[in-house]
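# Examination of the molecular architecture
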Amino acid sequence: MKKITAIVRPEKLEPLKEALFAAQVGGMTISQVQGCGSQHGWKEYYRGTEVLLNMIPKVKFELVAADDQVQSLVDLIRATARTGEVGDGKIFIFPVEEVVRIRTGETGEAAV
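Quick summary incoming for the structure in this document. Worth saying up front: this structure is predicted, and the values here are computed from it rather than measured. Along every chain, residues carry numbers that run from 1 in the direction the sequence is written. The predicted origin of the model limits local features to residues at a pLDDT of at least 70 and limits the giving and counting of side-chain atom pairs to 80 or more, whereas totals for whole chains, interfaces and linings rest on all residues. Values shown for side chains rest on all heavy atoms present in the structure; no hydrogens or waters enter the calculation.

### Some points on the sheet that holds strand β2 (residues 29–35)
Two strands make a pair as long as DSSP finds a minimum of two bridges between them. The helix and strand labels rest on DSSP assignments: H or I over at least four residues marks a helix, E over at least two residues marks a strand, and numbering proceeds from the N terminus. Strand order in the open sheet formed by 4 strands is β2-β5-β1-β6, with antiparallel pairing between adjacent strands. What marks the edges here is a single partner per strand, and that holds for β2 and β6 (89–95). Averaged over all pairs of adjacent strands, the angle between strand axes in this sheet comes to 20°, irrespective of strand direction. Looking at chain direction, β2 and strand β5 (residues 56–65) are connected through 7 bridges and run antiparallel. Within β5, the residue paired with Q32 across the bridge is V59. A contact between two residues is defined here by any heavy atoms of the two lying within 4.5 Å. Axes here refer to lines fitted to C-alpha atoms; in helices the fit is confined to the stretch in contact. Angles between the N-to-C directions go from 0 to 180 degrees. Against the sheet, helix α1 (residues 13–22) makes contact with β1 (2–8), β2 and β5, and its axis sits at roughly 5° relative to β5, the strand it touches most. With respect to the sheet, helix α2 (residues 70–81) is in contact with β1, β5 and β6, its orientation differing from that of β1 by roughly 5°.

### Overview of unusual backbone geometry
Its identity as a non-glycine residue notwithstanding, Q24 has a phi of 60°, on the positive side. By the element assignment, Q24 lies in the loop between α1 and β2. For every residue, the accessible area (1.4 Å probe, protein chains only) is compared with the maximum for its type, and the residue is labelled buried under 20%, exposed over 50%, or partly exposed between those bounds. Overall, Q24 belongs to the exposed group, its relative accessible area being 70%.

### Brief notes about the packing of α1 against α2
Direction vectors running N to C along α1 and α2 enclose 150°, while the axes themselves pass 10 Å from each other. Taken together, the axis directions place α1 and α2 in an arrangement best described as roughly antiparallel. Every pair of crossing elements has a handedness; the one defined by α1 and α2 is right-handed. Packed against α1, whose contacting residues are P15, L16, A19 and L20, the element α2 presents L73, L76, I77 and T80 at the interface. By the definition adopted for this analysis, an angle is roughly parallel if under 35 degrees, roughly antiparallel if over 145, roughly perpendicular if from 65 to 115, and oblique otherwise. By definition, any crossing whose near helix is turned counterclockwise from its far helix by less than a right angle is left-handed, and any crossing with a clockwise turn is right-handed.

Nothing here speaks to function; it is all geometry.
Below is the structure:
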């Protein structure tokens, strides 16, 4: 099993959520986050004072999938979230050693 974490533009929240549901993903966690990538923000002027804006709002999707589903889900996320502009986001893939469903005590892929 793998954990897929995708950080995308806020306007891609609904399209990506719908695409993942259509792909029959068992579940996901979505968080509103802020961060910066290689662009490190930009400068703006507010009432004559220079302000550095370096924390950009993003949306973080987290889901766990079987190893054989990972590539198709990554391709789906890339296709749905891509605009071709700087700031489209990143996808991180981590190994998952174990999953335990709290309510039933199920473990492994049965708990996903």
